[in-house]
Amino acid sequence: MTSNSSNSSKTTPTFAVIPGGQVQQTLQGREKQIVELCEATYRLHSAGDSVNPPSYFLRFPDLPTSRIIALPASIGGDIKVDGIKWISSFPENVARGLPRASAVLILNDHDTGYPFACMESSIISATRTAAMAAMAADWFSRGRQRPKRVGFFGVGLIARYIHTFLAGTDWSFDEIGLFDLSAASAAGYQGYLERSGAANKITVHESAEQLIRSSDLIVFATIAGEPHVQDLSWFKHNPMVLHVSLRDLSPEIILASTNYVDDVEHCLKANTSPHLAEQLTGNRDFLQGTLGDFMAKPVTVPTDRPLIYSPFGLGVLDLAVGKYVYDEVTRAGELNVIEDFFHELKRYG
Ligand SMILES: NC(=O)c1ccc[n+]([C@@H]2O[C@H](COP(=O)([O-])OP(=O)(O)OC[C@H]3O[C@@H](n4cnc5c(N)ncnc54)[C@H](O)[C@@H]3O)[C@@H](O)[C@H]2O)c1
């Protein structure tokens, strides 16, 4: 068997399958390392050492709320791997007792192009999403007091991972608020927070307005397809907003705020709130830049307006986290290699 680490010699290509249990076991409790990995990946991407074409959205006439997204990418540096995440979003799954999102990630060897691993990737995707949210909250609050009151707007699996990553990277909160259209989701999340010993005070808010007005850091993780938060006066205390679900805020709120994204071309697509703001104004003047720009050259973030970070979510992050999992599972000697996966290897038989 050959290994597919970037420094291996290539003889017979191998193919491994990494199930969710191994992925979770590898990533659990390593929040700080994963945030560092995501930071390094952003820096490589900002430096141009990546290929990250637009995501492809597969939609269905008979299932208008569902989609499957393909995120192909290539990342350089020490990570040096190519691949694709194939992630489904079927919101009706939640009522069936299944998570909304399911995914696989394929890793390809950069020298031969051979796929060498297929791994469960809903955990990788949630992990990298939470890591980039925690990372953004950290960078944008440097040089000022960290928010002490966090509000989670839409409390499914992604909100849970984001809380875990904030807590795992040394954030602590005096108050945690939450709001969800579903009472069952709100109760489930409250239970999770209580079990994790998260804060002195946990409040389930009756209205979106209450949650926003009482939070200095607001995390949007709903499944809204179009803006449902329109009232700028709710934001008059100028909170920091992690707009992870991308389509919650009206373009007017975007235009009245300081805006950062992870990648401009990616984020100004698919009717995200920043995309709607661009359509409304015909320009991108409302964008301050990317988180990568900010990390390379931090500037003072104005405190007299809300700060909104809208991350589209880059395939390069999935690759970086996936390769980390692959390397760790390999190091532990637990890689489940599918023998003889590539079979027709002699050109003339
Ligand atoms: N930007 C990124 O990189 C990235 C990555 C992963 C997921 N996401 C997004 O995160 C979001 C959440 O994903 P999830 O897996 O946690 O979904 P989920 O279905 O588990 O949870 C979503 C929750 O939002 C609630 N909700 C829906 N509309 C609402 C509204 N208008 N107001 C209040 N609550 C509302 C639902 O009741 C549900 O509890 C999705 O939109 C997903 O696309 C973004």
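Residues numbered from 1 in each chain as written. Predicted model: local features only at pLDDT ≥ 70, side-chain atom pairs only at ≥ 80, totals over all residues. Heavy atoms only, no water.

S.K.: So what exactly am I meant to see when it comes to the pairing of strand S6 (residues 101–108) here?
M.R.: Each regular strand displays side chains that alternate between the two surfaces of the sheet. Sheet topology note: the strand S5 (residues 81–89)/S6 ladder contains 8 bridges and is antiparallel. Along S6, the bridge assignment pairs Asp82 with Asn108. One ladder, built from 5 bridges, connects S6 with strand S7 (residues 115–120); its direction is antiparallel. Paired with Ile106 across the strands is Cys118, a residue of S7. Linking S6 back to S7 in an antiparallel pair, the connection comprises 6 residues, with Gly113 at a positive phi of about 80°. (Pairing = 2+ DSSP bridges. Helix = DSSP H or I, 4+ residues; strand = E, 2+ residues; numbered from the N terminus.)

S.K.: I'm lost on the pairing of strand S12 (residues 240–243) in this one. Help?
M.R.: Both faces of S12 are covered, namely the face carrying Met240 and Leu242 and the face carrying Val241 and His243. Note: strand S11 (residues 217–220) against S12, 4 bridges, orientation parallel. Within S12, the position partnered with Leu217 by the bridge is Met240. Pairing of S12 with strand S15 (residues 307–310), which is carried by 3 bridges, proceeds in the parallel orientation. (Buried < 20%, exposed > 50% of the residue type's maximum accessible area, 1.4 Å probe, protein only.)

S.K.: Where do I start with the site of the ligand in this structure?
M.R.: Residues in contact with the ligand amount to 26 residues; listed here are only the nearest, Ile158, Asp180, Ser185, Thr222 and Pro311. One of the side-chain nitrogen or oxygen atoms of Arg128 is found 2.9 Å away from an oxygen atom of the ligand. Burial of the ligand by the protein amounts to 87% of the accessible area it has alone, namely 860 Å². For the shell around the ligand, the secondary-structure elements that each account for two or more residues are helix H3 (122–140) and helix H4 (157–168). Ranked by the residues each element gives to the shell around the ligand, the list is headed by H3, at 3 residues. Counted by class, the shell around the ligand contains 13 nonpolar, 9 polar and 4 charged residues. (Near = heavy atom within 4 Å. Polar contact = N/O pair within 3.5 Å; in protein donor to acceptor, adjacent residues only side chain to side chain. Areas by Shrake-Rupley, 256 points an atom, 1.4 Å probe, with all protein chains shown as cover. Nonpolar A, V, L, I, M, F, W, Y, C, P; charged D, E, K, R; others polar.)

S.K.: Can you help me understand the pattern of salt bridges in this one?
M.R.: Side chains that differ in charge, positive against negative, can pair when their charged atoms come close. Under the defined criterion, the tally for this structure stands at 15 salt bridges. For Glu39, the salt bridge identified is with Arg43, shortest N-O distance 3.6 Å. Taken together, the residues span about one helical turn, with Glu39 and Arg43 both in helix H2 (residues 31–46) at a distance of 4 residues. Its relative accessible area of 15% is what places Glu39 among the buried residues. Taking the shortest distance from any N to any O, the salt bridge between Asp138 and Arg142 comes out at 2.7 Å. Several salt bridges converge on common partners, so that one network encompasses Arg30, Glu328 and Arg331. (Salt bridge = Lys/Arg side-chain N within 4 Å of Asp/Glu carboxyl O.)

S.K.: Can you walk me through the packing of aromatic side chains in this structure?
M.R.: By the definition in use, this model includes 15 aromatic pairs. Centre to centre, the rings of Phe15 and Phe341 are 4.0 Å apart; their planes meet at 15°, and the pair counts as stacked. Of this pair, Phe15 sits in the segment before strand S1 (16–18) while Phe341 is found in the segment after helix H11 (315–331), placing the two residues 326 residues apart along the sequence. Residue Phe15 is classed as buried on the basis of its relative accessible area of 7%. With relative accessibility at 41%, the residue Phe341 sits in the partly exposed group. Both rings, one in Phe60 and one in Phe90, keep their centres 6.0 Å apart while their planes meet at 55°; by these two values the pair is tilted. With a gap of 30 residues between them, Phe60 in strand S3 (residues 56–60) and Phe90 in the loop between S5 and S6 connect regions that are remote in the sequence. Taking relative accessible area as the criterion, Phe60 reaches 21% and is therefore assigned partly exposed. Connected via pairs of aromatic rings, a cluster forms that spans Phe15, Tyr114, Phe341 and Phe342. A cation over an aromatic ring shows up here: Arg142 above the ring of Trp139, its NZ or CZ 3.7 Å from the ring centre. (Phe/Tyr/Trp six-rings, centres within 6.5 Å; stacked < 30°, edge-to-face > 60°. Lys NZ or Arg CZ within 6 Å of the ring centre and 35° of its normal.)

S.K.: Which parts of the structure should I look at to understand the nonpolar core?
M.R.: For soluble globular proteins, nonpolar side chains are generally found buried alongside one another. In this structure, Phe140 and Phe152 are the most contacted members of the largest nonpolar core, which totals 73 residues. Per-element tally for this core: the top contributor is H3, with 13 residues. For Phe152, the residues in contact, after removing those within four places along its chain, are Ala159, Ile162, His163, Leu166, Ile176, Gly177, Leu178, Phe179, Tyr189, Leu211 and Val219. In this structure, Ile69, Trp234, Ile253 and Phe286 belong to the second largest nonpolar core, which totals 29 residues. (Core = buried A, V, L, I, M, F, W, Y, C linked by side-chain atoms within 4.5 Å. Contact = heavy atoms within 4.5 Å.)

S.K.: Would you explain the sheet that holds strand S13 (residues 258–261) in this entry?
M.R.: Consider a sheet: its strands pair through backbone hydrogen bonds, and that pairing is either parallel or antiparallel. The sheet built from 8 strands is open, its strands ordered S10-S9-S8-S11-S12-S15-S13-S14 with parallel pairing. Of all the strands in the sheet, the pair left with one neighbour each is strand S10 (199–204) and strand S14 (287–290). For this sheet, the mean inter-axis angle between neighbouring strands, taken without regard to orientation, is 20°. Bridge count for strand S8 (residues 149–153) against S11 is 4 bridges, and the pairing is parallel. Within S11, the residue paired with Phe153 across the bridge is Phe220. This element, H3, spans S12, S13 and S15 of the sheet and lies at about 160° to S12. (Axes fitted to C-alpha atoms, helices over the stretch in contact; angles between N-to-C directions.)

S.K.: I'm lost on the side chain of Ser55 in this one. Help?
M.R.: Counting through the fold element by element, Ser55 comes out in the loop between strand S2 (50–51) and S3. Apart from the residues within four sequence positions on either side, Ser55 is in contact with Ile69, Ala70, Leu71, His266 and Phe312.

S.K.: Would you mind going over unusual backbone geometry with me for this structure?
M.R.: Across residues other than glycine, the phi torsion is negative in most instances, and most of the peptide bonds are trans. Here the phi dihedral of Asn271 falls at roughly 55°; this positive angle occurs in a residue that is not glycine. Summarising the element assignment, Asn271 is placed in the loop between helix H8 (264–267) and helix H9 (273–281). A positive phi angle, close to 60°, is found at Asp340, a residue other than glycine. Residue classification places Asp340 among the exposed positions, given a relative accessible area of 52%.

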